[in-house]
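Okay, here's what each chain looks like letter by letter:
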Amino acid sequence: MLNINYNSYKSLIIFFIFLFIFVFGLISVKDFGVSSDELDQRHSGFIELNYIGEKLTPNILEYYKGNREYIDLNDENYLEKFSGHFLNTVSAFLEVIFNIEDIRNVFIFKHYIYFTIFFLSLISFYKICQIRFENWYISLIGVLIIFLSPRILANSFYDPKDIPFLSILIFSLHFGLVFFNKLNFKNMIYFAIFNALVISGVRIYGVISPLLVISSILIYNFLNKESFKKELIFVLYSILFTLFFSIIIKPTLWENTLSNFISSFKYLSEFGEVWIIPNLFFGEIVSAKDVPWYYSIVWISITTPIFYLILFIIGILIYLKNFFQYFIKNFSNKKFYFDTIFFSIIIIPLIGSIILRESSFNSWRHLYFIYPYFVIFCLIAINLIIDFLKKNSLSLYFNYLIIIILVINLSWIIKNHPFQYSYFNILAGKNLNQKFDIDYWGLSFKQNLEYILDNDERKKITIVSNSINKPIHFKNSLSKINRKRFIFDQKNPNPDYIITNFFLDDIKKYRTFDDNFIDKEYYVFSEILVDGESINTVFKKK
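Parameters at a glance
- Once a new chain begins, its residue numbering starts again from 1 and follows that chain's sequence as written.
- Reporting of local features is limited, given that this is a predicted model, to residues whose pLDDT is at least 70; pairs of side-chain atoms are given and counted only at 80 or more, and all residues count toward the totals for whole chains, interfaces and linings.
- Heavy atoms from the whole structure form the basis of all side-chain values; hydrogens and water molecules are not counted.
- In DSSP terms, a helix is any run of H or I states spanning at least four residues, a strand is any run of E spanning at least two, and both are numbered starting from the N terminus.
- This radius of gyration counts C-alpha atoms alone. The globule rule is 2.2 Å times how many residues there are, raised to the power 0.38.
- Here the term buried applies to any residue with accessible area under 20% of the maximum for its type, exposed to any over 50%, and partly exposed to those in between, with areas from a 1.4 Å probe on protein chains only.
- Any two residues whose heavy atoms approach within 4.5 Å at even a single point are treated as in contact.
- The protein chains shown are the only cover counted for residues, whose accessible areas, like all others here, come from Shrake-Rupley with a 1.4 Å probe.
- A positive count includes Lys and Arg, and a negative count includes Asp and Glu. His and the chain ends are not counted in either.
- Throughout, a charge is located at the NZ atom of Lys, the CZ atom of Arg, the CG atom of Asp or the CD atom of Glu.
- Any pair of Phe, Tyr and Trp rings, taking the six-membered ring for Trp, is counted once the centres come within 6.5 Å. Such a pair is stacked with planes under 30 degrees apart, edge-to-face with planes over 60 apart, and tilted for the rest.
- Only one rule defines a salt bridge in this text: a Lys or Arg side-chain nitrogen within 4 Å of an Asp or Glu carboxyl oxygen.
- Strand pairing is assigned whenever DSSP detects at least two bridges linking the two strands.
- With axes taken as lines fitted to C-alpha atoms, and helix axes fitted only over the stretch in contact, angles between N-to-C directions fall between 0 and 180 degrees.
- Joining through side-chain atoms within 4.5 Å is the link that ties buried Ala, Val, Leu, Ile, Met, Phe, Trp, Tyr and Cys residues into a set, and such a set is a nonpolar core.
- Pairs of N or O atoms within 3.5 Å make up the polar contacts considered here, provided that, within protein, one atom can donate a hydrogen while the other can accept it, and that residues adjacent in sequence are counted only when both atoms are side-chain atoms.
- The span expected for a helix works out to 1.5 Å for each residue beyond the first.
- Note that patches include only residues with greater than 30% relative accessible area and no salt bridge, and the join distances are 9 Å for like charges and 5 Å for nonpolar side chains (Val, Leu, Ile, Met, Phe, Trp, Tyr).
- By definition in this entry, angles of less than 35 degrees are roughly parallel, angles greater than 145 are roughly antiparallel, angles of 65 to 115 are roughly perpendicular, and the rest are oblique.
- Throughout, a crossing is termed right-handed when the near helix is turned clockwise from the far one, and left-handed when it is turned anticlockwise from it by less than a right angle.
- In this classification, Asp, Glu, Lys and Arg are treated as charged, Ala, Val, Leu, Ile, Met, Phe, Trp, Tyr, Cys and Pro as nonpolar, and every other residue, Gly included, as polar.

## Thoughts on the overall build of the protein
Secondary structure summary: the protein contains 23 helices and seven strands in total. Computed over the C-alpha atoms, the radius of gyration of the protein is 25 Å, within 12% of the 24 Å expected from 2.2 N^0.38 for a compact globule of 542 residues. With the principal axes as the frame, the protein shows a C-alpha extent of 80 × 65 × 45 Å. Every one of the 542 residues in the protein was classed for burial, and the buried ones make up 57%. Pairs at least 24 residues apart make up 78% of the contacts formed inside the protein by residues separated by at least 6 positions. Counting only carbon and sulfur atoms, one obtains 63% of the accessible surface of the protein, whose full area is about 24200 Å². Across the protein, the centroid of the 51 positively charged side chains sits 6 Å from that of the 45 negatively charged ones.

Put into structure tokens, the structure is as follows:
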């Protein structure tokens, strides 16, 4: 590895890397705006919490609920009941317990929760890598690759669904591999609990970890042991406990359990048909159900650092070579099963996105959960390259290259903080806001609204959004006092300011003012640039 014996400092290095990640997260939380999905997810959490209160503690519910009314969880018109998840309910409960009143503080609190869960999942990911590679250095590189992937990092603060799902899937797989290695009651319970969490909504692919792990355990023990009665019993118990915990965790399953379970999977599998959302893809407006088959592949390719893409391709080729070259021997090697699980978590959802076009909108965020396993194949490549170069005493230089790449990514992240969600690599080309959706959740409004407040002394400021993102969402990024200074009136024909993040502004019905009017009556007052591309612009009345 490195000439310096870093193994003697192993514990300190690991501790300080994770400490750096955690501290970076804590000091960054307040820098991010509120995503347009968060308000709905908060509401979803209170609907589930209200239902739980009605069933279990109606007297306590009445005390805290007051005169607020919520739709019934089982109302047939409330579709979110199938895609909401326990984190919404838990955060709603904590919001009540801690009596958080201002809406901005509510979402800041949620952002702390989201990032903390992501951070804990990085620890679990490190342990997954340790199980696979038995090499702390390689495992730590894997953690840093995920952390220093700009879009994943940014979304870990405010994404109410995709990154929490990524994190819980990591937990499920981590305890699944632990269960695979040592079948006992404790490991089975942990595995079942996180299986229940990961399949209780959000994404149809929540079933992928338990199915892959359980089938791998059965195949491995069937082929390598004369009798696997004990293993079979543990597997059956893990399935039963997974179902048991799923029902407890998911209130929609408390009534009409089988029917609602089937309806939940049906809804999640048809998600792309339920939410028909337009996309800007290579300069063309395309509906989610009509995107080309390569939509997700292109998005992954243009928003992932190039070096990671190269490593991933090498890692996949190594896996496929070993798969066919040692096909028979592989079935007695646990690492082969692990790699096949990782490969399947990537390829099955990708094929699903190609065939079904499900959830094909807002870039590839609905597939973010495959990214940790993408990284594992990067690590397979790194591991092989280091072993190969050791023979020629050149591994030191490759390690330096890895560190340099990670430092370059870190410097980009710091330079463009908190707009890391706008990352594109060189494959995306130029004029990005004319070709792709960038700030589809309206996070950049926070910084430009604050810039207006800092540079305009008027007590009341009129402003209109010129994109699909409307004030009901992005105004929650501001403090209560600052929200009162703005008059958000989308029907105002002559506001003091016009603001846009360019999201779907090519669709006329989402625009309030055309370019000719803006050019004639307004001038550019503030512009947020990432790699020379504007992601948010404020126009001030002349």
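## What about unusual backbone geometry?
Note the cis peptide between His417 and Pro418, where omega equals 5°. The backbone of Asn99 sits at a positive phi, close to 55°, despite the residue not being glycine. Looking at where Asn99 falls in the secondary structure, it is placed in the loop between helix 4 (86–97) and helix 5 (103–133). Residue Glu134 is not a glycine yet carries a positive backbone phi of 55°. By secondary structure assignment, the location of Glu134 is in the loop between helix 5 and helix 6 (136–147).

## Some remarks on the packing of aromatic side chains
Here the structure, examined in full by the defined rule, presents 70 aromatic pairs. Relative to Tyr137, the ring of Trp136 has its centre 6.4 Å away and its plane inclined at 85°; by these criteria the two rings are edge-to-face. Tyr137 shares its class with Trp136; the two are buried. For the pair Tyr440 and Trp441, a centre-to-centre distance of 5.6 Å together with 70° between the ring planes defines the contact as edge-to-face. An identical accessibility class is assigned to Tyr440 and Trp441; each is buried.

## A short note on the pattern of salt bridges
Opposite charge on two side chains permits them to pair, given that their charged atoms come into close proximity. One pass over the full model with this rule turns up eleven salt bridges. Close ionic contact of Arg42 with Glu95 constitutes a salt bridge, the shortest N to O distance being 2.6 Å. With Arg42 in helix 2 (residues 38–56) and Glu95 in helix 4, this pair connects stretches of sequence that are 53 residues apart. Notably, a salt bridge pairs Lys250 with Glu48, separated by 3.7 Å at the nearest N-O pair.

## Details of the environment of Pro418
Inspection of the secondary structure puts Pro418 in the loop between helix 19 (395–415) and helix 20 (445–455). Residue class for Pro418 comes out buried when judged on its relative accessible area of 7%. Along the sequence, Pro418 and Trp364 sit 54 residues apart, while their C-alpha atoms lie 20 Å from each other.

## Here's the deal with the sheet that holds strand 6 (residues 522–530)
With respect to topology, five strands assemble into an open sheet ordered 4-3-5-7-6, the strand pairing being mixed. Unpaired on one side and paired on the other, strand 4 (486–488) and strand 6 mark the two borders of the sheet. The sheet shows a mean angle of 25° between the axes of neighbouring strands, direction not considered. Pairing of strand 3 (residues 461–465) with strand 5 (residues 497–500), which is carried by three bridges, proceeds in the parallel orientation.

## With respect to the nonpolar core
By size, the foremost hydrophobic cluster in this structure holds 137 residues, and its most contacted members are Tyr308 and Ile382. Sequence-distant contacts of Ile382, that is, excluding residues within four places in its chain, are made with Ile138, Ile141, Ile145, Leu311, Phe398 and Ile402. The next biggest cluster of nonpolar side chains, apart from the first, holds 13 residues, and it includes Leu449, Ile461, Phe486 and Tyr497.

## Notes on the side chain of Ser149
With respect to the element layout, Ser149 can be found in the loop between helix 6 and helix 7 (150–158). Here Ile145 takes part through its backbone oxygen, which lies 2.6 Å from a polar atom of the side chain of Ser149.

## With respect to the pairing of strand 1 (residues 278–281)
Going residue by residue along strand 1, you find Pro278 and Leu280 tucked away on one face and Asn279 and Phe281 tucked away on the opposite face as well. Between strand 1 and strand 2 (residues 284–287), which follow one another and run antiparallel, lie two residues, and Phe282 among them has a positive phi close to 55°.

## Regarding helix 4
Across its twelve residues, helix 4 extends 16 Å between first and last C-alpha, which sits within 8% of the 16 Å expected from 1.5 Å per residue. Those residues of helix 4 that fall on the buried side of the exposure criterion are Leu87, Asn88, Thr89, Ser91, Ala92 and Glu95. Residues of helix 4 that are buried sit in contact with helix 2, helix 5 and helix 8 (162–181).

## Quick look at a negative patch on the surface
A surface patch of negative charge is lined by Glu54, Glu62, Glu69 and Asp72. Its place among the elements puts Glu54 in helix 2.

## Observations concerning the side chain of Gln447
Tracing the backbone shows Gln447 in helix 20. Within the local environment of Gln447, its side chain forms a polar contact with the backbone oxygen of Asp31, the two atoms lying 2.8 Å apart.

## Digging into the packing of helix 5 against helix 8
For the pair helix 5 and helix 8, the least separation of the axes is 8 Å and the interaxial angle reads 30°. Accordingly, the angle class assigned to the pair helix 5 and helix 8 is roughly parallel. Here the hand of the crossing between helix 5 and helix 8 comes out left-handed. For the pair helix 5 and helix 8, the contacting residues are Tyr114, Ile117, Phe118, Leu120, Ser121, Ser124, Phe125, Lys127, Ile128 and Ile131 in the first and Ile163, Pro164, Leu166, Ser167, Ile170, Phe171, Leu173, His174, Leu177, Val178 and Asn181 in the second. When the residues that make up the contact of helix 5 with helix 8 are grouped by side-chain class, the tally is 15 nonpolar, five polar and one charged.

## Topic: the packing of helix 2 against helix 4
Between helix 2 and helix 4, whose axes approach to 7 Å, the crossing angle comes to 80°. Considered as vectors, helix 2 and helix 4 are oriented roughly perpendicular to each other. Counting all contacts with helix 2, which are made through Gln41, Arg42, Ser44, Gly45, Phe46, Glu48, Leu49 and Ile52, the residues of helix 4 involved are Asn88, Thr89, Ala92, Phe93, Glu95 and Val96. In the contact of helix 2 with helix 4, the residues fall into six nonpolar, five polar and three charged.

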